[in-house]
Every structure is written in structure tokens, then in C-alpha cells.
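# Descriptive analysis of the structure
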Amino acid sequence: MTRAFPPSGTTGLAHEEPIIFERSVPGRRGWLQPSSDIPAADDLDGALLRQQAPRLPELTEPDVVRHYHRLSQWNYSIDAGFYPLGSCTMKYNPRVNEDVAAMTGFAQVHPQQPGATFQGALQLMVELEDALAEIVGLDAVTLQPAAGAHGEYTGLACIRAAQVACGDARTKILVPESAHGTNPATAVICGYQTVTLPAGPDGLLHPEVVAAAMDDQVAGLMITHPNTIGLYERHLPEICEIVHRGGGFVYGDGANLNALMGVARPGDVGIDVMHINLHKTFSTPHGGGGPGAGPVAVRAELEPFLPRPIIRRGELLELDWDRPLSIGKVRSFFGNFGVLVRAWTYIREIGGPGLEQATRLAVLNANYIRARLGESFAVAFDTPCMHEVVLTDRNQREHGVATMDIAKRLIDKGFHPPTVYFPLVVPHAIMVEPTESESLQELDSFVAAMHEIAAEAAENPALLTGAPHAPVRGRLDEVAAAKQPRLRYDFP
Ligand SMILES: Cc1ncc(COP(=O)(O)O)c(C=O)c1O
């Protein structure tokens, strides 16, 4: 038995911080400027001159630095503590990634330089393409898309272009009900209707369900593998065969590749296209739906449709724009190059055996959490999981305590809450993804906090229903915050 550490995260938000305009003191300055020795111009058009000083906060430099530093402490981050957000893979971002991305040759390169002057950058991209193709078992990769959902768009656009090119434009995409919301949304943006497929009682998609939905209008199936419940889709080889026989493609949502890399290859079970969230599996920072990277890997028959330019291999690496079947560009220049450098570094640093070990540890950690938390929480599917596990509030509901209360109480204990109420197919879901980068002690601290919460639910439910108590701001109205954000400061 290892000793559980006290939570290493932060109870953050423990102090109030006025906004910077409220901190302003008239006349306070952050700089000293010598008086000007240049005579004032007398021919300026008075109408253009500002009549009033701009309403900017007046503060000293330390005031400003401390204000923003304090605000930065309000953020929970993977550097602050355990971040068990299911489906989001908040794994540690190694500092060596940052060192390499900051090297002058990578950080200062400009995409409009002549190609011959940034061969190193192109070489890195070629190597990353090859590594990703090898890891997923597919033939070609584009690094252009800026996020997972953007990769989905790119992959589906390639499927559409391929089918249109052979005169077989189709109208429907099959999507299992457990899919991430971005899957049906992407299909609709690409002009398809979605057909929702139910999962079996074991949480898996079954071949007969796919076979019943297949017809000559089905362009393909979009499936997350392992699925968003954290389970390995065991019937994929048969399912892929059914889709292929019906003339469709199988789109694999690779957001959960961290449960497979180095151990199993989606291409080997029949997936034709897959996006890869570098900001999940390959330890690059997450970035609000844009500044990440969602490379897409495809089978050879879809390669001509990938975004252009591609990098033409040879003694000199060159950009090849002459790609008549390409879907065109999906992102400026080459995608988010700095993110690509970080992912390349991660892969080169730990290598094939390291990737495999990371996968095995991620799965082990999730199953450890499943076994330990199963002592006080209901586990949605009583079967070994992959990299994440779904619990519910079923045992706590009799005390009037719900998933949201459990999540909020975790903030008091210094942990970021897990993903809640997702996936939608599990009512009241609490989805925990520990990742491989957490130690046994860290996991035990989390487990201890969750057990404490389960005990509190029985003994003093109000402690949970009123949580969080530690932050100065208690339970926020998240719907109002999302739907009616107040983004303007009203000057008094
Ligand atoms: C299964 C799955 N697919 C797609 C996405 C979308 O990825 P991104 O947030 O990078 O757009 C996510 C993100 O959480 C996901 O979990």
C-alpha cells in the first residue's frame, strides 16, 4: 500500500481579484518618460486630436504584473495537479517539447521563406507524417488541420471528394449514439445527414446494427475507437467489412489513440481515415479548438484528396501544389507548426517502446481507478476499460446528491473535476481519464478524496449540494455564463 499524498492541485480561486479597471488609481504610472524635446507640431488637424485621455487603467508595473500573475493562479492546469477530465486526455506536457519548439530554427522560421531555407522544418514534418502513419497503420498523413474536429472535417471532405470523383456521391453518415458531439456536427457541416446507431447493452456497436443501416446512400461510418465510454470496439473488423462491402468508408475518430498507440493499429482493423489529436495523445498543450493540431491519416486510395500542398520527398524536400484532386487548403501555411514540433519531440524522445508503455500505463491507471472507485461509486459498465472509466451517481442519489455535486466538491479537495454528464448514453456520467502521467500516489490521493466525498454524501449531503466552499465564488450559473457572458466593463 503506498502512502496517498495530500492533493497536489490547488484550491485556487481562494481570493477575490478585482478587474484591472477597478484597480486603477488616477495618475499612477508604470513608466517614466523624459519630457519631449521635439517641438509640438502646430499644423495638426485639431479634429483628429483626442479630446479626452483614453480610459485605460492607471497602474504601476508591479500592480499589472501581480494582477495578471494572480489571475493566472485562478486557472487549474496540468502543471498544477491531477486533471482527470475524461475524453480530454489531460496528460503532462514534457518540458523537453518546449525546449525543442523554442529552438531558433523552429521558432523563427517563416512559412514564406524559400523552401530550400527551411529543409529542417520540412524534414521534421515528413518524419512526423511517417511516424503517425506507422502508429495508426495507414498510408499517408496531412498535418494541416488545427484541431480534432477540424481533422474530422478534413477526413470527411476527403471521403466526399473520393466518392464524388467516382460518380458515387452519397448523402448519409452513420454515427453511433455514444459519439462525441463533434462527429455528427462535422457530418452535417460536410453536407451529410446523420443516422444514429444504438450501442448494445455492453456499450459496444454491433455488426447487425450497422448492416441494417447500410444502403447505397451511406458514405461511411464515423466511429470513435476506443469509444467514448472507454471501451474497445471489439467488432470493428466485421463492422468495417460491412461498410466497405456497401461502398462506404470507415472514419475513425482517433481522439482516444492514447489507449492504442504502440499496441494496436486502427488501420489494421479496417479503419480508412483517422484524425489524431496531438494535444491529447502526443502531449502537446490543449488549445480551445484551434491552436492544437489534428493530423489526418488515410489509406492510399484517399491520399490524392488530402489538403495541399503536400511535401514531395526527394533529395530536396519541396512543396507540391499540383494536386488536382485535393480538397484544397484547410489551414493557412502548414498548420500549427509549433505544435507539430512538440509532438515530434515526444515521439522521438520515448520511441516505439515508450509509446507502448504509455498506452499500457494509461489503461492500467484507468482500471485501477475503476476498481478502487467501484467500492463507493456505481461503474457504468462492469468490464475492464481502456484509458478512461465511466462512473455514475447511482449510489449517491438516494441521499439527494447528484453528479454535479460530486464534481463541485472535488474542487474543495484540490482536484479538477472529471468530465460530467458525458457521454450522453450514460445518465449522470462521471468520466475519469487518469492518463499515464500520474503516479500511484497521485491516483491514491484522488481515490481517497472521492471516497471521502462518497462518505460525506451519506452523512452530510448539504456539504456536497452547496459545494464548492473553498473558492470565493461558489457554484456559478454555468448556463448563464455560457449564454449571456458579460464581456464589457461598464465604466462608473
Ligand atoms: C472523441 C473526440 N472526438 C473529437 C474531439 C474533438 O477534438 P478537438 O477538441 O481537438 O476539436 C474530442 C475532443 O474532446 C473527442 O474527445
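Only a predicted model underlies this, so the values are computations on that prediction, with no experimental measurement involved. (Residues numbered from 1 in each chain as written. Predicted model: local features only at pLDDT ≥ 70, side-chain atom pairs only at ≥ 80, totals over all residues.)

This part takes up the site of the ligand. Neighbouring residues of the ligand: 15 residues in total, closest Ala147, Gly148, Ala149, His180 and Ala255. A class-by-class count of the residues in the shell around the ligand yields four nonpolar, ten polar and one charged. (Near = placed C-beta within 6 Å. Nonpolar A, V, L, I, M, F, W, Y, C, P; charged D, E, K, R; others polar.)

By a widespread convention, an interface's size corresponds to the accessible area lost as its parts come together. For the chain, the assigned domains are domain 1 (96-346) and domain 2 (355-482). Within the side of domain 1 that touches domain 2, the residues separate by chemical class into ten nonpolar, seven polar and two charged. (Domains from an automatic or database assignment.)

The buried count for strand 2 (residues 172-176) comes to four of five residues, which makes it a mostly enclosed element. Two strands pair when backbone bridges link them, and strand 2 and strand 3 (residues 193-197) are joined in this way by five bridges, in the parallel orientation. Bridge pairing links Val175 to Thr196 in strand 3. Handedness of the crossover joining strand 2 and strand 3 through helix 7 (residues 182-189): right-handed. In terms of strand pairing, strand 2 meets strand 4 (residues 218-224) through three bridges, oriented parallel. In the strand pairing of strand 4, Ile173 is matched with Gly220. (Buried ≥ 20, exposed ≤ 12 C-beta atoms within 10 Å, placed from the backbone. Helix = DSSP H or I, 4+ residues; strand = E, 2+ residues; numbered from the N terminus. Pairing = 2+ DSSP bridges. Right-handed = clockwise from strand over helix to strand, strands pointing away.)

Glancing now at the sheet that holds strand 7 (residues 296-298). Read from one edge to the other, the open sheet built from seven strands follows the order 1-7-6-5-4-2-3, with strand pairing classed as mixed. Strands at the two margins of the open sheet, each flanked by one partner only, are strand 1 (140-142) and strand 3. Neighbouring strand axes in the sheet, compared pairwise and without regard to direction, differ in orientation by 20 degrees on average. Where strand 5 (residues 249-253) meets strand 6 (residues 273-275), three bridges bridge the pair, whose relative direction is parallel. Bridge pairing in strand 6 links Gly252 to Met274. Sitting on the sheet, helix 5 (residues 119-136) touches strand 1, strand 6 and strand 7, and the angle it makes with strand 1 is about 125 degrees. (Axes fitted to C-alpha atoms, helices over the stretch in contact; angles between N-to-C directions. Contact = placed C-beta atoms within 7 Å.)

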